[in-house]
Amino acid sequence: MLALRCSASDPLGHHADRILRLAAVAAAYYAAGRCGLLLEVVRGQVTPLWPPTGIAVAALLLWGLCMWPAIALGAVLVNWPFGPSLWALVGISAGNTLAPVCAVLLLRQVRFSPTLTALRDTLSLVFLGALTGMLVSATVGTAVLAGTGALRPGRTWATWSVWWTGDAMGVLLVTPLLLVLFGSSWPRRIPVARWAEAATLVAATAAVTLLATRTSLNLSFLVFPFLIWAAYRFQIVGGVACALLVSVLAVPAAAAGTGPFAGHDVATRMLVLQALNGSAALTSLVLATVVAERNRGHAQLARVHLQLSQLLPQLTPFKGLPRVRQAEASPKDAP
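Residues numbered from 1 in each chain as written. Predicted model: local features only at pLDDT ≥ 70, side-chain atom pairs only at ≥ 80, totals over all residues. Heavy atoms only, no water.

- Per an unreviewed UniProt entry, the recorded name for the protein chain is Membrane protein, and the organism is Streptomyces alboflavus.
- Looking at the protein chain in UniProt, the text filed under Subcellular location (unreviewed entry) is "Cell membrane". (UniProt positions renumbered as here; feature names shortened; annotations may be inferred.)

### Quick word on helix 4 (residues 86–109)
- In a regular helix each residue adds 1.5 Å, so 24 residues correspond to 34 Å; helix 4 covers 35 Å between its end C-alpha atoms and thus fits that length.
- Just downstream of helix 4, Arg-111 is the residue with a positive phi angle, here 55°. (Helix = DSSP H or I, 4+ residues; strand = E, 2+ residues; numbered from the N terminus. Expected span 1.5 Å × (residues − 1).)

### Points about helix 5 (residues 119–132)
- For helix 5, which comprises 14 residues, the first-to-last C-alpha distance of 18 Å matches the rise-based estimate of 20 Å (1.5 Å per residue) to within 8%.
- Residues of helix 5 that are buried: Asp-121, Thr-122, Ser-124, Leu-125, Val-126, Gly-129 and Ala-130.
- The inward-facing, buried residues of helix 5 contact helix 4, helix 7 (156–183) and helix 10 (266–311). (Buried < 20%, exposed > 50% of the residue type's maximum accessible area, 1.4 Å probe, protein only. Contact = heavy atoms within 4.5 Å.)

### Describing the pattern of salt bridges
- A full pass over the atoms with the stated rule returns 4 salt bridges.
- With its nearest N and O atoms 3.5 Å apart, the salt bridge here joins Asp-121 to Arg-120.
- One salt-bridge network, in which partners are shared between bridges, spans Arg-194, Glu-197 and Arg-233. (Salt bridge = Lys/Arg side-chain N within 4 Å of Asp/Glu carboxyl O.)

### Description of the packing of helix 3 (residues 68–79) against helix 4
- Two numbers describe how helix 3 lies on helix 4: the axes approach to 9 Å, and their chain directions differ by 140°. Between helix 3 and helix 4, the angle is such that the two are oblique. Here helix 3 runs over helix 4; the crossing is right-handed. On the side of helix 3, the interface is formed by Trp-68, Ile-71, Ala-72, Ala-75, Val-76 and Asn-79, while helix 4 contributes Leu-89, Ile-92, Ser-93, Asn-96, Thr-97 and Val-101. (Axes fitted to C-alpha atoms, helices over the stretch in contact; angles between N-to-C directions. Parallel < 35°, antiparallel > 145°, perpendicular 65-115°, else oblique. Left-handed = near helix turned anticlockwise from the far one by under 90°.)

### Brief notes about the UniProt feature "transmembrane region" (unreviewed entry) in the protein chain
- What UniProt calls "transmembrane region" (unreviewed entry) maps, in this numbering, to residues 20–42, 54–80, 86–107, 127–150, 162–183, 241–259 and 271–292.
- Helix makes up 84% of residues 241–259 and strand 0%, and the two end C-alpha atoms of the span are 23 Å apart.
- Here residues 271–292 is 100% helix and 0% strand, with 31 Å between the C-alpha atoms at its ends.

### What about the packing of aromatic side chains?
- Evaluation of the coordinates by the stated rule reveals 4 aromatic pairs.
- For the pair Trp-63 and Phe-182, a centre-to-centre distance of 5.9 Å together with 80° between the ring planes defines the contact as edge-to-face. Separated by 119 residues along the polypeptide, Trp-63 in helix 2 (residues 51–63) and Phe-182 in helix 7 bring together distant segments of the chain.
- Looking at Trp-63, the relative accessible area reads 15%, which means it is buried.
- Geometrically, the ring pair formed by Trp-160 and Trp-164 is stacked, given 5.6 Å between the ring centres and 20° between the ring planes. With Trp-160 and Trp-164 both in helix 7, this residue pair falls 4 residues apart, about one helical turn. (Phe/Tyr/Trp six-rings, centres within 6.5 Å; stacked < 30°, edge-to-face > 60°.)

### Some details on the confidence of the model for the protein chain
- Considering every residue of the protein chain, the mean pLDDT works out to 83; 86% of them sit at 70 or more.
- In the model of the protein chain, helix 11 (residues 321–333) stands out as the element of lowest mean pLDDT, 49, in contrast to helix 2, which has the highest, 94.
- Contacts of residues 1–5 to residues separated by more than four positions or lying in other chains number 18 contacts, the stretch itself having pLDDT below 50. (pLDDT = per-residue confidence, 0-100.)

### A look at the environment of Gln-235
- Relative to the helices and strands, Gln-235 resides in helix 9 (residues 223–256).
- Residues Gln-235 and Ser-284, 49 residues apart in the sequence, show an inter-C-alpha distance of 8.1 Å.

Here it is in structure tokens:
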């Protein structure tokens, strides 16, 4: 499903439908923001995982840049209780709005496809949509907090790094999931065994993540076999969903300083956490995309094989051709 433009010629751009869509995006942004604030580590509003940014980028990719007012409204509602002043609220909300818009504009320059079936699209989302685009929100937000005196001395770099990685992780973990959910057709009948495998995978991933982040041993690497399982068997949906689950369960452990995060200061814990989250997201995304490309190649080969098998009877040589060749060769054999 390609990105939709909000224009008069687009049937989905009808006025009433557009208002409902704007309201839905704003509500989703606000709800995800309230959930994301439960994971805060800096000043009550800076988190290592910010899902609203992923929702914003997905909405802009799917329904066009005309969704920016909904993102701005959601950002204002989320930041309202925490803004040190009205100007700070406006500045932070503007940064939260501009970052997804810049990310989408960068992705359009490289002809990004929201289907995420090609490795170049996944790499574009990682490096342009997440890592580059989210520099805007982190820089603007941190500058506003520092300018208003809301940050303690020496906390600027830590705030910026957590803000940037939190927004980037929101894009890496939430945007692909939403693009696939809203942009792909689902099979009508899913076997019971498939549902059982998915449930087992989710439960095993949660159990291993809790073990790895709550024990004194450094067992974070145990989550990666389950991420590989998810990406290989369920591709983008399974891989990103399990990576998101790992991140959500790891953030409280990092905030509390348990497991591999014990004995470190906040900056070091955030570094270890984002290394784990980033590795999990990249592993799931890249492997799932490679599997999708392989499956697409196999499907194309199967179609070509079917077409050739249908044309093969028509390519059989004529029965009279050998006798013609024999007649042409006979004068040369005569004495």
